[in-house]
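Structural description and commentary
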Amino acid sequence: MAEKKQVIQLYRALLKVTKKWHYDPTRADRSIRDHITSQIHRQFRDNISASSSQVPTLIEHGKNELSALKQLQSNYFDQMYPITTRLVPELTQKSKVLLSDVSQSKIKKRKWGLADKIWGFTDSKDDDVLVSKNKSDQ
């Protein structure tokens, strides 16, 4: 019975951590928060019929996962290993545009050759429209 209570507490703690995770609506299909939440649900469902001898090992694994998520969320590694070079704001904006759902759907519709994949994903006209559209959304 005590193990069942531990499992439920662990499950709730994992979900609580994921709710605090950043959500970017422009990349809703590729949200890390949704991915982590679905993985938690799947792993708990898969292990629902685990034997009583496996439960302590699974709880320990879950606690390790919880501590890893908390470290990532608190920027533990960013503070421990600071980055000396930061991205240029224009490049950051362009990457947001390229990774948005709108751009990704346009990219998927096109036929791409190797050179196109290496040197350019969108036309400059598309970039200007998407950048101005994303700026107006903010």
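For the structure itself, consult the block above.
Below: a short report on this structure. (Residues numbered from 1 in each chain as written. Predicted model: local features only at pLDDT ≥ 70, side-chain atom pairs only at ≥ 80, totals over all residues. Heavy atoms only, no water.)

Attention now goes to the overall build of the protein. What the protein contains, in helices and strands, is eight helices and zero strands. When the helices and strands of the protein are read in sequence order from the N terminus, they spell out α-α-α-α-α-α-α-α. Classification of the 138 residues of the protein by burial places 20% in the buried group. Residue pairs in contact within the protein that sit at least 24 positions apart in sequence constitute 66% of those at least 6 positions apart. (Helix = DSSP H or I, 4+ residues; strand = E, 2+ residues; numbered from the N terminus. Buried < 20%, exposed > 50% of the residue type's maximum accessible area, 1.4 Å probe, protein only. Contact = heavy atoms within 4.5 Å.)

We now examine the layout of surface pockets. Approximately 490 Å³ is the volume attributed to the largest pocket. Those elements that place two or more of their residues in the lining of the largest pocket are α1 (2-19), α2 (32-46) and α3 (55-73). For the lining of the largest pocket, the leading source of residues is α3, giving seven residues. When the residues that make up the lining of the largest pocket are grouped by side-chain class, the tally is 12 nonpolar, six polar and one charged. (1 Å grid on protein atoms, 1.4 Å probe; cavity = no way out; pocket = protein on both sides within 12 Å on 5 of 7 lines; lining within 4 Å. Points joined across faces, edges and corners; volume = space filled by probe spheres on them. Nonpolar A, V, L, I, M, F, W, Y, C, P; charged D, E, K, R; others polar.)

With that settled, consider a nonpolar patch on the surface. Taken together, the side chains of L72, Y76, F77, M80 and Y81 present a nonpolar region at the surface, about 510 Å² in accessible area. Relative to the elements of secondary structure, Y81 occurs in the loop between α4 (76-80) and α5 (89-99). On the accessibility criterion, Y81 (53% relative accessible area) is exposed. (Patch = residues over 30% accessible without salt bridge, like charges linked within 9 Å, V, L, I, M, F, W, Y side chains within 5 Å. Areas by Shrake-Rupley, 256 points an atom, 1.4 Å probe, with all protein chains shown as cover. Salt bridge = Lys/Arg side-chain N within 4 Å of Asp/Glu carboxyl O.)

On to the packing of aromatic side chains, then. Taken as a whole and judged by the stated rule, the model has two aromatic pairs. Ring centres 5.0 Å apart and planes at 80 degrees place the aromatic pair Y76 and F77 in the edge-to-face group. Here Y76 falls in the partly exposed class, since its relative accessible area comes to 35%. (Phe/Tyr/Trp six-rings, centres within 6.5 Å; stacked < 30°, edge-to-face > 60°.)

A few words now on unusual backbone geometry. Phi is positive for N75, close to 60 degrees, though the residue is something other than glycine. Structurally, the position occupied by N75 is in the loop between α3 and α4.

We now examine the environment of S103. Turning to its location among the elements, S103 is positioned in helix α6 (residues 101-109). Along the sequence, S103 and T26 sit 77 residues apart, while their C-alpha atoms lie 9.9 Å from each other.

Turning next to α2. Structural remark: α-helix, 3.6 residues per turn; residues separated by three or four positions point the same way. Taking 1.5 Å of rise per residue, 15 residues should cover 21 Å, and α2 covers 21 Å from first to last C-alpha, within 8% of that figure. Buried residues of α2: I36, T37 and I40, and no others. One side of α2 carries all its buried residues, which in axial view fall inside an arc of 100 degrees. Each element contacted by the buried residues of α2 is listed here: α1 and α3. Two to three positions downstream of the cap, the backbone nitrogen of R33 sits 3.4 Å from a side-chain oxygen, assigning the N-cap of α2 to S31. (Expected span 1.5 Å × (residues − 1). Arc of directions from axis to C-beta. Polar contact = N/O pair within 3.5 Å; in protein donor to acceptor, adjacent residues only side chain to side chain.)

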